[in-house]
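# Notes for the structure review
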Amino acid sequence: MELSSKTRLCGLIGDPVEHSISPKMLNAAFKAADLNFVYVAMNVKKRELASAIKGMRALNIHGLNVTIPHKVNVVKYLNHIDVDARAIGAVNTILNVNGELRGFNTDGIGAARAIEESGTSLEGKSAVLIGSGGAARAIAFTFSNKVDKLTILNRHTDKAGKLAAELTRKKMKRVYSGGLQRERLRQALSDAQIMVNATSVGMFPNKDTSILEGVLLRPDLVVFDIVYNPLETRLLREAAKVGAKTVNGVGMLVHQGAEAFKIWTGKEAPVEIMHKVAMEELSRLNGRA
Ligand code: NAP
């Protein structure tokens, strides 16, 4: 599709954004769907966020993805926040409807689809979620509508406790929280079928670290690591070694982008193409910043 006066502009704002694979992934998707859309990465400093959002309205930018460090702060500049994004407290996708900016969060849906796509249903399962940052919060709210039991463990236990309390207020019955002590991890994993690492532990350049010891893993667990650089984290390597089923972070990255594509275009995203491009880009990047 050639750029023209009718081209709709979408993009990513964050700092840094230089290594993001989203431009390649979304532009390939727009091309495959024959849509006159283009996607660019824009580095926006913290102090410029308000101006950038004002600029989105002024320039009639159709859609934005939002990444670190703006996901929480951007909420106050938008006109309407989707109910899930409001509960999560963070927005990663904005749609501009005639100057009215609507905020969404597609991270939780992306994570759920990544697991389901690997052949594991979340319905009625017992899951352990490690982390309580932005991504973990999105995953926790999506999982709370699907799993039967959720245990949230985090280095700073107060954050895990706060998140669990929010889910309890949302009427989730079996939600628990705690820290990362070995015994607590062992106990939480003992009746779990799914374990998710939603921390940055294991991410480049700290590739040799893992959020838990491999001996705590079992062959009947599904181990999902949302970190995607490297593609195979130490956690996933050790999980595979004990015979557990592993899911890497690429599926979540693709599906959160696919959901943003749908919000902006009203059409289903060409997920297979997005996955292929993401794998090519991440393999090129693998183990590098
Ligand atoms: P965040 O809001 O900064 O949260 C970071 C989380 O990691 C917190 O729970 C933090 O614990 C924990 N953590 C950091 N260092 C730790 C350590 N040394 N030991 C134990 N816990 C540690 O970040 P985020 O946005 O949630 O992102 C987390 C990771 O997910 C990043 O690697 C990011 O690239 C990845 N991610 C992937 C996707 C995808 O599509 N696959 C999407 C979003 C994010 P405390 O609360 O105790 O500090």
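Residues numbered from 1 in each chain as written. Predicted model: local features only at pLDDT ≥ 70, side-chain atom pairs only at ≥ 80, totals over all residues. Heavy atoms only, no water.

## Structural notes on helix α2 (residues 49–58)
For the record, the criterion: Residue burial is assigned from relative accessible area. The probe radius is 1.4 Å, only protein chains are included, and a residue is buried under 20% of its type maximum, exposed over 50%, and partly exposed in between. Helix numbering and strand numbering both begin at the N terminus, where a helix is a DSSP run of H or I of at least 4 residues and a strand a DSSP run of E of at least 2. Here the arc refers to the set of directions running from the helix axis out to each C-beta atom. Between two residues, a contact is recorded if the distance between any of their heavy atoms is within 4.5 Å.
Within the span of α2, buried status applies to Leu49, Ile53, Gly55 and Met56. Burial along α2 is one-sided: seen end-on, the buried residues are contained in an arc of 155°. The outward face of α2, more than 90 degrees from its buried face, is lined by the exposed residues Lys54 and Ala58. Close packing links the buried residues of α2 with β1 (8–14), β3 (63–66), β5 (93–97) and β6 (100–104). At the C-terminal side of α2, Asn60 shows a positive phi close to 55°.

## Section: the packing of aromatic side chains
Operational definition: Only centres within 6.5 Å qualify two rings of Phe, Tyr or Trp (six-membered ring in Trp) as a pair; their planes then separate them into stacked at under 30 degrees, edge-to-face at over 60, and tilted for everything else.
Following the criterion strictly, the structure yields three aromatic pairs and no others. For the pair Phe30 and Phe37, a centre-to-centre distance of 5.0 Å together with 35° between the ring planes defines the contact as tilted. Exposure remark for Phe30: the relative accessible area of 1% places this residue in the buried category.

## With respect to the sheet that holds strand β7 (residues 126–130)
Counted only if it meets this: Only strands joined by at least two bridges in the DSSP assignment are considered to pair. The axes used here are C-alpha line fits, helices contributing only the stretch in contact, and every angle between their N-to-C directions lies in the interval 0 to 180 degrees.
Strand order across the open sheet formed by six strands is β9-β8-β7-β10-β11-β12, with parallel pairing between neighbours. Both outer strands of the open sheet, β9 (174–178) and β12 (245–247), are each paired with one neighbouring strand and no more. Averaged over all adjacent pairs, the angle separating strand axes in this sheet is 15°, with direction ignored. One ladder, built from four bridges, connects β7 with strand β10 (residues 194–197); its direction is parallel.

## Some words on the nonpolar core
Applicable threshold: Buried residues of nine kinds, namely Ala, Val, Leu, Ile, Met, Phe, Trp, Tyr and Cys, make up a nonpolar core once their side-chain atoms join them within 4.5 Å.
Formed by 32 residues in total, the largest nonpolar core has its most connected members in Leu129, Ile139, Phe143, Leu150, Ile152, Val196 and Phe224. Looking at this core, the elements that each hand over two or more residues are α4 (107–117), β7, α5 (134–144), β8 (149–153), α6 (157–169), β10 and β11 (222–225). In this structure, Leu129 is in contact with Ala136, Ile139, Ala140, Leu150, Thr151, Ile152, Leu153, Val196 and Ala198, ignoring residues within four places of it in sequence. By size, the runner-up hydrophobic cluster in this structure holds 26 residues, among which are Phe30, Leu35, Ala269 and Leu282.

## Section: the domain arrangement of the protein
Spelled out, the test is: Note that domain bounds follow an automatic or database assignment of domains.
The domain architecture assigned to the protein consists of domain 1 (1–105) and domain 2 (108–250). When each unit is reduced to the centre of its C-alpha atoms, the spacing between domain 1 and domain 2 is 28 Å.

## Focus on the pattern of salt bridges
Heads up, the rule is: Here a salt bridge means any side-chain nitrogen of Lys or Arg lying within 4 Å of a carboxyl oxygen belonging to Asp or Glu.
The full count for this structure, using the stated rule, is 17 salt bridges. The partner of Asp15 in a salt bridge is Lys45, with the nearest N and O atoms 3.2 Å apart. Of the two residues, Asp15 is situated in the loop between β1 and α1 (22–32) and Lys45 in the loop between β2 (37–43) and α2; the sequence distance between them amounts to 30 residues. The exposure class of Lys45 is partly exposed, given its relative accessible area of 36%. Residue Glu238 is joined to Arg234 by a salt bridge in which the shortest nitrogen-to-oxygen separation is 2.9 Å. Residue Glu238 and its partner Arg234 are located together in helix α8 (residues 234–241), separated by four residues, close to a single helical turn. For Glu238, a relative accessible area of 17% corresponds to the buried category. By relative accessible area, which is 31% here, Arg234 ends up partly exposed.

## Focus: the site of the ligand
Condition: By convention in these notes, a residue is near a molecule or strand provided one of its non-hydrogen atoms lies within 4 Å of it. Pairs of N or O atoms are called polar contacts if they sit within 3.5 Å, as long as, within protein, a hydrogen donor faces a hydrogen acceptor (for residues adjacent in sequence, only side-chain-to-side-chain pairs). The accessible surface values rely on the Shrake-Rupley method and a 1.4 Å probe; as for residues, cover is taken only from the protein chains in view.
If you check the shell around the ligand, you find 22 residues, and the closest are Ala135, Asn154, His156, Lys159 and Met203. Residue Asn154 places a side-chain N or O atom 2.9 Å away from an oxygen atom belonging to the ligand. A distance of 2.7 Å separates an oxygen atom of the ligand from a polar atom in the side chain of Lys159. The fraction of the free accessible surface of the ligand (920 Å²) that becomes covered by protein chains is 77%. The set of elements that each furnish at least two residues to the shell around the ligand consists of α5 and α9 (250–265).

## Looking at the packing of α1 against α9
To be explicit about the condition: Roughly parallel here means an angle under 35 degrees, roughly antiparallel means over 145, roughly perpendicular means 65 to 115, and every remaining angle is called oblique. In this scheme the handedness of a crossing depends on how the near helix is turned from the far one: anticlockwise by less than a right angle means left-handed, clockwise means right-handed.
Where α1 meets α9, the axes come as close as 11 Å, and the angle between the chain directions of the two elements is 50°. In this view, α1 runs oblique relative to α9, as classed from their interaxial angle. For α1 against α9, the interelement crossing comes out right-handed. Of the residues in α9, those touching α1 at Met25, Leu26, Ala29 and Phe30 are Leu253, Val254, Gly257, Phe261, Trp264 and Thr265.

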